[in-house]
Amino acid sequence: RLQPEIAALKKRPDLLAYWQAIEQLEMLSIDYVVKAIRKMGWEFYEYVKISMDYFAEQQLGVASQYRRLLERFVEMLTEVGILKQIGARWEVIRVPEAKDIETQWQTLKNQYPVVEMELTLLKRCGDKLATILQEDEDPLPLLFSENQAINVAKLSQDALSAQVMNTLVQQVVSAAVEKGPQNRRLRILEMGAGTGGTTAYILPHLPAQQIDYVFTDCSNAFLNQAQEKFGDYPFIQYRRLNIEQPIEKQGFKTGDYDIIIAANVLHATRYLRQSVQQVQRLLRPEGLLILLENTKPLRFLDLIFGLTEGWWRFQDDDLRPHHPFISTSQWQTLLKQNGFQETGVASPEEGGILSQQAVIIAEAVKDDAPLEEVEKTSAYWLIFADKQGIGRSLQTQLQVQGDRGITVFAGESYEQRSEENYQINPERLGDFEQLLKSIGSSSLQGIVHLWSLDTPSANLITTSVLEKTAAKSCGSVLYLIQALLKTGESKQPSVWLVTQGAVATKASAPVLGLAQSPLWGLGKSIALEHPELKTILVDLEAQGSVHRAAQALFDEMGSERQDNQMAFRGESRYVARLVQQVQTETALPVTFREDATYLITGGLGKLGLLVAEWLVKQGAKHLVLVGRSAPKPITELQLNKLEEAGAQIKVIQADIAVADSVTVLLSEIQQSLPPLRGIIHAAGVLDDGVLLQQTWDRFAKVMAPKVSGAWHLHQLTQHLSLDFFVLFSTAASLLGSTGQANHAAANSFLDALAHYRHSLGLPAVTINWGPWSQQGAAREAQFKTKGLEAFNPQQGLQILDYVLTQATPQVGAIKMNWSTLPQPLAGLLTTRGIETRGIET
Ligand SMILES: NC(=O)c1ccc[n+]([C@@H]2O[C@H](COP(=O)([O-])OP(=O)(O)OC[C@H]3O[C@@H](n4cnc5c(N)ncnc54)[C@H](OP(=O)(O)O)[C@@H]3O)[C@@H](O)[C@H]2O)c1
């Protein structure tokens, strides 16, 4: 029926020039993006690779609300062959030339007056991209100011594409009105009508006596403006409507409208499926939805509208992983799956610039049983969401299944952004308490913690990255658990602690999520100390697809399986199991070189001294023992004995957690001693206490020598040819330990580091020691309550001797009554006994 009108629109003489001009604008947009990136201090060099987190945060300093826009910029640069995507990273494959954007812009303006509005707005935003992305300028005045002759309101109404598409909407509405019932007034609702750009085209063509027209928007400011703008039309009602809220609560009735017009609005809602269902509920059976939507991304639009938060609000990542627009066919499928029976498309062009938009007409289902009310009051999940989008995808999946997911993002301050989205400061216990109060902890079914995923991969680690990651990952989990326990709820939720590439499932697997590994020790300890919270540790594949990761998690959350430690790699699911390692007899005890130096950090401590004596006994002639304090008199005596036995013992006072101290220490060895050939990292401090009594400061103190210290040793000795690099870890990181969550967390890093070094071809072994004797009766009694027995020094040193002959990166050396393992650990046992290994299921 509309064919003649569409044909007339297609004949507009300016359409061809418009198309050519938009193509130029698309290329100019790339130049603006390149210029902005350079302005933010980054240069394109061939073969340089970028990873999104590091690029956004460290290299460009882009504010978090512009993260998705930056991702879109990267996508644009990939489209034009400046970047190439390789896995989760991008490589510069062509260095873009620096262009004179000003002259280009002026030439386009002279050549194509038809796009003056588009060009003006593109320049206004394009020139400021860098300052906006770095949060030095508010973009909204650039876009919306009424004082500007050209603003987005004018663009939406008067740009040539707006003229054509709005005319098309008007023609579709007029045709529908003509076809509608003549015996009563027709009820039309326009949603998200905003500045009335489309309304202005429709109203003059409506028969006033037959129509009730409800102009709606969720902003009162737009409603007031519209009342002034359309004062000549008496049949309009102005009402506030937020399609994301229950419609009845806003005074709307189901099945009340014959026609709903939604021009350029539905894409701006968070969940398209839900919005479409809500629209269907407002319509009578067989009522019409007339939808105007962009169906393909346009770069210049992203550079203008992409500066607004609303552009990137979408959270249905399964449907829209990167961009708010979906294609015409996706719209048709979506409509058919959510309450509409017939759909049709009116598009003025095929293949031309206007084919980037479509007017889609959909008829609501016949039967008048509206779809179920979307909002549910059922149990909900709290998702501490990551920047990659796994959390958002999870939220969508929960919603599709009819459950609620509330996302919480990490930020500077506490903020409730909507009913289902919060921001809190990860380093403030009070924010967690306020959050649980606000959402009501009694209906909390489960918690998924994904904040650890926002971490640079192992090859980009620095000490400060490690510290920040620990605070955001373990620190936030500590506060979360404390806040949960303080609610006093009798039924506590399950707690899913998620990392990515933080555990090794196979020998020499690259542990790219090394910085996240401490969460595993903490998680295992929470499981033991608070079995009422069902704590589950999940390690996702590093650099895997967001959708796949969210799917694996979602499936696991809904499964009845009892495992509480697992990892996903490709299509495989691994669980942790302890398997007995058969100890083969070593032919000869290990001997150490006379012409080498061996470094023992924590060398003046209990185990450090025992190991020093043993090294000397086994032939070592040059030892460096490091601790922060000077040796006690009794220790001096022991050291004298070693010197009398012919060894050179150098005591160096240094804090291993401080990079500069380690540098000085190593250069001292290099200058005055034989080459360093082996390291035993046994430095450590304890600050035990149950989780409710812990503070982040206490955690940080325990983590410093283990995390930063081990990292410095690894970083600064990589170039040396070492025979061994032994990390003195603990059974607590392997199994968890009540009252020792910080100790377990700190040592988990050592365990992951050993695997990481193996993946780099460097020597390393982490030993998860059970207790050694000679620690005092009280401490030994404490171990006994946990089912642990202590080794005597001779047994411990024998194990060390054995481990040094093995090529395994991790060995648990624990004397324990395995039949009395507490419940959360019992699942780790196979019939065969000890040695942890990933088992594929
Ligand atoms: N003993 C056991 O039964 C047992 C069981 C499992 C695991 N472990 C692990 O084995 C290691 C040794 O245990 P241990 O019983 O011998 O402990 P220890 O007697 O407390 O000795 C640890 C030593 O580390 C030093 N140290 C701490 N922080 C340091 C830093 N930042 N820089 C340099 N040195 C630092 C301490 O000296 P300053 O304070 O003077 O710096 C201390 O002498 C520990 O890492 C522990 O986690 C021990």
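Residues numbered from 1 in each chain as written. Predicted model: local features only at pLDDT ≥ 70, side-chain atom pairs only at ≥ 80, totals over all residues. Heavy atoms only, no water.

(A) Examining the sheet that holds strand β2 (residues 83-86) more closely. Read across the sheet, 3 strands follow the order β1-β3-β2 without closing on themselves; strand pairing throughout is antiparallel. The strands lining the two open edges of the sheet, one partner per strand, are β1 (49-51) and β2. If you compare each strand with its neighbour and ignore which way they point, the axes differ by 30° on average. In the sheet, β2 pairs with strand β3 (residues 89-92) via 4 bridges, with the strands oriented antiparallel. Residue pairing in the sheet places Q85 in a bridge with W90 of β3. The strands touched by helix α3 (residues 52-60) are β1 and β3; relative to β1, the strand with the most contacts, the crossing angle is about 85°. Packing of helix α4 (residues 67-79) onto the sheet brings it into contact with β2 and β3, and relative to β2 it is tilted by some 110°. (Pairing = 2+ DSSP bridges. Helix = DSSP H or I, 4+ residues; strand = E, 2+ residues; numbered from the N terminus. Axes fitted to C-alpha atoms, helices over the stretch in contact; angles between N-to-C directions. Contact = heavy atoms within 4.5 Å.)

(B) Quick peek at the domain arrangement of the chain. Along its sequence, the chain is organised into domain 1 (3-148), domain 2 (157-364), domain 3 (380-578) and domain 4 (597-818). Listed as interface residues are 10 residues of domain 2 and, on the opposing side, 12 residues of domain 3. Buried surface at the junction of domain 2 and domain 3, summed over both partners, amounts to about 870 Å²; 42% is from carbon and sulfur atoms. Area buried by domain 2 at its contact with domain 3 is led by Y271, Q315 and D317, which between them contribute 48% of it. For the pair domain 2 and domain 3, the interface holds 3 residue pairs in polar contact (both at pLDDT 80 or more). Partitioning the side of domain 2 that touches domain 3 into residue classes produces 2 nonpolar, 3 polar and 5 charged. (Domains from an automatic or database assignment. Buried area = accessible area lost by both parts, 1.4 Å probe. Polar contact = N/O pair within 3.5 Å; in protein donor to acceptor, adjacent residues only side chain to side chain. Nonpolar A, V, L, I, M, F, W, Y, C, P; charged D, E, K, R; others polar.)

(C) The arrangement of the packing of helix α24 (residues 696-717) against helix α26 (residues 741-759) in detail. Contact geometry of α24 with α26 gives a least axis separation of 7 Å together with a crossing angle of 15°. For the element pair α24 / α26, the angle class is roughly parallel. The handedness of the crossing between α24 and α26 is right-handed. Along the contact surface, α24 presents R698, F699, V702, M703, K706, V707, A710, W711, H714 and T717, while α26 presents A741, N742, H743, A745, A746, N747, F749, L750, L753, Y756 and R757. (Parallel < 35°, antiparallel > 145°, perpendicular 65-115°, else oblique. Left-handed = near helix turned anticlockwise from the far one by under 90°.)

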